[in-house]
Amino acid sequence: MQQKPAQPESKSFLIDPFVLLRKVYDTVEQLTEPALEKLLTTKRFAKLNGKVMSAILLSHRATRESVSAMLHLWNFPAREDILRLGELTLQLEEKIDKLTDRIDDLEKRMAKSAGGQDGSSGAA
Amino acid sequence: MEAAGLRSRVAGVLEAAAHYSPLGQGLSLFEHWLDVVSTALGARDAAVGPTPKEVIWRKNKARLYRYERKTPATKKTPVLCIMPLINRAYILDLRPGASFVAYLLSQGHEVYLLDWGEWNDEDRSLTLDALLTQYMARAVRMVAQRASGPLTMLGYCIGGAMATCCTALHTEGLIKNLVLLTTPIDFADAGPFGVWTRPEVFPLQELTSVFPAVPGAYPDIGSKLLQPLPASLGQFVRLEEKLREPRFDRYGWQAMFRWVNEGVAFPAGCYRQWIGEFYQHNKLVRGELVMDGRKVLLANIRCPILNVVASSDVIAPRPTTSAILQHVSSADKEEVIVKGGHVGIVVGKAAAVELWPKVGAWLAARD
């Protein structure tokens with residue numbers, strides 16, 4: 001996208017709403033931001049924030065439980081069932097990784113012991 | 001000739017009318033407004049992560065990348081970058097000219113990056129212990145094996161805290177240097193986040209039981225609340241202003257806007273541990289943090305350590321980030337204070353002239 005040159009404000013017939021908005025915003029920010037930042041770091045705000053979050057979370061839980069109960073009633077898998085399946089897949093992946101680690105470890109040990117045997121027979 | 005002259009005169013008059021009449025000005029204002037909207041809305045498609053890379057190992061959603069070099073490495077110690085859990089990994093390779101990864105490659109290092117990917121609900125039982133032992137430890141071994149020697153671990157934000165824990169637990173000598181970028185370690189005075197997450201007010205158990213993966217929007221709202229107006233309406237007001245400047249880097253703004261607003265979900269198990277053990281109980285500096293059945297003791301860190309702190313960091317304030325050097329046993333330890341914010345020091349305009357050369361020189365001296 002090409003940048004367009006700024007319009008010379010002296011030749012404007014209309015008030016530039018963006019300049020107006022910027023001025024309003026800057027004034028509001030200058031007046032309110034320090035007080036707002038101070039308020040947001042108070043223990044009182046932290047307590048209120050916690051209560052609001054708890055209320056939102058309760059509503060989420062209620063919705064989730066209702067949907068889950070409804071799906072189970074119709075013999076459909078709910079979110080929890082699919083999650084369990086996903087978790088089992090991840091556990092399987094971890095088991096495979098552990099086996100791979102053990103095989104790598106065994107290979108290293110075998111290579112080391114084979115190297116040691118060669119060295120000893122050569123010396124003999 | 002006359003017709004052509006007349007046409008050009010009419011065109012000139014029309015152009016002048018468009019320029020000076022209220023209608024013409026209205027049209028330019030409308031065009032400018034469209035520009036602001038399209039820049040902001042187009043940010044989600046901003047091109048990011050320009051440096052070519054290959055996946056050398058993967059597990060679950062995590063990927064270990066090796067960035068491609070055009071020439072053989074001139075430094076023997078590779079750099080492994082550990083990223084924060086709640087952000088996208090491309091911040092270290094944001095755009096051409098704003099890529100820390102590209103800088104490290106230009107300095108002759110092999111660069112690897114552990115990208116955690118996008119966690120989902122099925123990852124709810126993942127803990128930081130698991131990430132450390134099943135993911136990071138394997139990534140470290142893999143990089144060290146490829147380099148046939150130890151590596152430099154570079155952690156950013158939460159990734160830095162995890163890199164610190166990993167270095168404290170790793171005694172096999174695979175980690176040669178540790179570089180921390182804006183990494184919170186001591187949470188005794190953690191600023192607003194510390195106040196909001198206090199055990200008596202923060203519903204940690206409810207949050208992690210309702211959300212198997214805590215949505216990225218939650219930590220994001222917290223970050224925005226630190227500077228409510230500038231982080232919300234203010235960013236668009238500033239965008240409008242900057243779009244009038246002919247040299248404004250629109251694509252740079254879009255890439256940054258995309259990263260800031262593209263948080264990833266935090267697995268519930270990790271979140272519980274991060275907030276509970278780090279923020280609420282400050283177990284890491286107290287020497288009480290147990291991971292994988294072992295105590296994470298910062299005093300076990302003996303490798304050279306570079307701690308990069310941002311002067312005006314509101315996300316990880318100075319008291320949280322400066323503390324590490326008092327607790328490690330390293331003889332070679334250094335703190336660098338860079339002017340800027342939590343993210344700005346890594347990819348901002350000053351990063352290329354201030355932070356990157358400092359880290360580059362520090363690494364070169366310890367290669």
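What you are looking at is a predicted structure, and each value in this text was computed from that prediction instead of being measured.

A. How the structure looks around the packing of aromatic side chains. Residue and element names in this part refer to chain B. This structure, assessed with the given rule, holds 17 aromatic pairs over all chains. Between W116 and Y135, the aromatic rings sit 6.1 Å apart at their centres with planes inclined by 55°, giving tilted as the arrangement. Taken together, the residues span a long stretch of sequence, with W116 in the loop between strand 6 (111–115) and helix 4 (128–147) and Y135 in helix 4 at a distance of 19 residues. Each member of the aromatic cluster is reached from another via a ring pair, and the members are F187, W274, F278 and Y279. Here the basic side chain of K53 rests over the ring of Y65, its NZ or CZ set 5.0 Å away from the ring centre.

B. A look at the environment of V309 of chain B. Residues and elements named next belong to chain B. Along the polypeptide, V309 turns up in strand 13 (residues 305–310). V309 gets classed as buried once you look at its relative accessible area, which sits at 0%. Put simply, V309 and T183 are 126 residues apart on the chain and 7.7 Å apart in space, counted from C-alpha to C-alpha.

C. Layout of the sheet that holds strand 6 of chain B. Residues and elements named next belong to chain B. One open sheet holds the eight strands; their spatial order is 1-2-6-3-7-8-13-14, and the pairing between them is mixed. Whereas interior strands pair on both sides, the edge strands pair on one side only; in this sheet they are strand 1 (53–59) and strand 14 (333–338). Here the average twist between neighbouring strands, direction ignored, is 20°. Taken together, the four bridges between strand 3 (residues 79–82) and strand 6 define a ladder with parallel strand orientation. Paired with C81 across the bridge in strand 6 is L113. Here helix 4 sits on the sheet in contact with strand 1, strand 2 (62–67), strand 3, strand 6, strand 7 (151–156) and strand 8 (175–181), set at roughly 135° to strand 1.

D. Inspection of helix 17 (residues 355–365) of chain B at higher detail. Along helix 17 of chain B, the residues that are buried comprise L355, W356, V359, G360, W362 and L363 of chain B. For helix 17 of chain B, the arc enclosing every buried residue in end-on projection is 165°, short of the 170-degree limit, so these residues lie on one face.

E. Up close: the layout of surface pockets. What the second largest pocket holds in volume is close to 420 Å³. Of all the elements in the fold, those that place two or more residues in the lining of the second largest pocket are helix 3 (79–123) of chain A together with helix 4 of chain B. Residue contributions to the lining of the second largest pocket peak at seven residues, all from helix 3 of chain A. Looking at the lining of the second largest pocket, its residues break down into two nonpolar, two polar and eight charged.

F. Fine view of the side chain of D123 of chain B. The topology assignment puts D123 of chain B in the loop between strand 6 and helix 4. With relative accessibility at 0%, the residue D123 of chain B sits in the buried group. A distance of 2.8 Å separates polar atoms of two side chains, one belonging to D123 of chain B and the other to N60 of chain B. Excluding residues that lie within four positions of it along the chain, D123 of chain B makes contacts with L90 of chain A together with N60, K61 and P267 of chain B.

G. Broad picture of a nonpolar patch on the surface. Residues and elements named next belong to chain A. Together, I15, L20, V24 and V28 make up an exposed nonpolar region whose accessible area comes to about 380 Å². Within the element layout of this structure, I15 appears in the segment before helix 1 (17–40). The exposed category is assigned to I15, whose relative accessible area is 69%.

H. Summary view of the nonpolar core. Residues and elements named next belong to chain B. By size, the foremost hydrophobic cluster in this structure holds 113 residues, and its most contacted members are L85, W116, L131, M153 and W274. With 10 residues, helix 4 is the largest single contributor of residues to this core. Non-local contacts of W274, meaning those with residues more than four positions away in its chain, are made with L128, I158, A161, P184, F187, F266 and Y279.

I. Highlighting the confidence of the model for chain A. All names here are of chain A. Summary statistics for chain A give a mean pLDDT of 84 and a share of 81% for residues scoring 70 or more. Across chain A, the element-wise mean pLDDT spans from 84 in helix 3 up to 95 in helix 2 (residues 43–73). Predicted confidence for residues 1–10 stays below pLDDT 50, and this span has 19 contacts to residues more than four positions away or in other chains. For the stretch residues 120–124, pLDDT sits under 50, and the model shows zero contacts to residues farther than four places along the chain or on other chains.

Thresholds, definitions, all that
The numbering scheme is per chain: residues are counted from 1 as the chain's sequence reads. Just so you know, chain letters begin at A and ligand numbers begin at 1, following the order they were written in. Local features in a predicted model are, by the rule used here, given only for residues with pLDDT of at least 70; side-chain atom pairs are given and counted only at 80 or more, and totals for whole chains, interfaces and linings are based on all residues. Water and hydrogen atoms were dropped before computing side-chain values, which therefore reflect all heavy atoms in the structure. Here is the rule: rings of Phe, Tyr and Trp (six-membered ring for Trp) pair when centre to centre is within 6.5 Å. Planes less than 30 degrees apart are stacked, more than 60 are edge-to-face, and the remainder are tilted. A run of H or I in DSSP becomes a helix once it reaches four residues, and a run of E becomes a strand once it reaches two; helices and strands are each numbered from the N terminus. In this scheme, the term charge over a ring applies when either NZ of a lysine or CZ of an arginine sits within 6 Å of the ring centre and within 35 degrees of the ring normal. Note on classification: 1.4 Å probe, protein chains only; a residue is buried when its accessible area is under 20% of the maximum for its type, exposed when over 50%, partly exposed between these limits. What makes two strands pair is DSSP finding at least two bridges between them. Helix axes are fitted only over the stretch in contact, all axes being lines through C-alpha atoms; the angle between N-to-C directions runs from 0 to 180 degrees. Note on contacts: a residue pair qualifies if any of its non-hydrogen atoms lie within 4.5 Å across the two residues. Relevant arc is that of directions from the helix axis to the C-beta atoms, nothing else. Here a cavity means grid points, on a 1 Å grid over the protein atoms only, where a 1.4 Å probe fits yet cannot get out; a pocket means an open set of points with protein on both sides within 12 Å along at least five of seven lines; lining residues are those with an atom within 4 Å of a point. Grid points are joined across faces, edges and corners, and a volume is the space filled by probe spheres set on the points. Any residue outside Ala, Val, Leu, Ile, Met, Phe, Trp, Tyr, Cys, Pro, Asp, Glu, Lys and Arg is labelled polar, Gly included; the first ten of those are nonpolar and the last four are charged. Any pair of nitrogen or oxygen atoms within 3.5 Å is treated as a polar contact; in protein, a donor-acceptor pairing is required on top of that, and neighbouring residues in sequence qualify only through side-chain atoms on both sides. Only residues whose relative accessible area exceeds 30% and that take part in no salt bridge are eligible for patches, with like-charged residues grouped when within 9 Å of each other and nonpolar side chains (Val, Leu, Ile, Met, Phe, Trp, Tyr) grouped when within 5 Å. Each accessible area is a Shrake-Rupley estimate made with a 1.4 Å probe; only the visible protein chains count as cover when residues are assessed. Any Lys or Arg side-chain nitrogen found within 4 Å of a carboxyl oxygen on Asp or Glu counts as a salt bridge. Residues grouped as a nonpolar core are buried Ala, Val, Leu, Ile, Met, Phe, Trp, Tyr and Cys residues, joined through side-chain atoms within 4.5 Å. What pLDDT expresses is the predictor's confidence in each residue, scored from 0 to 100.

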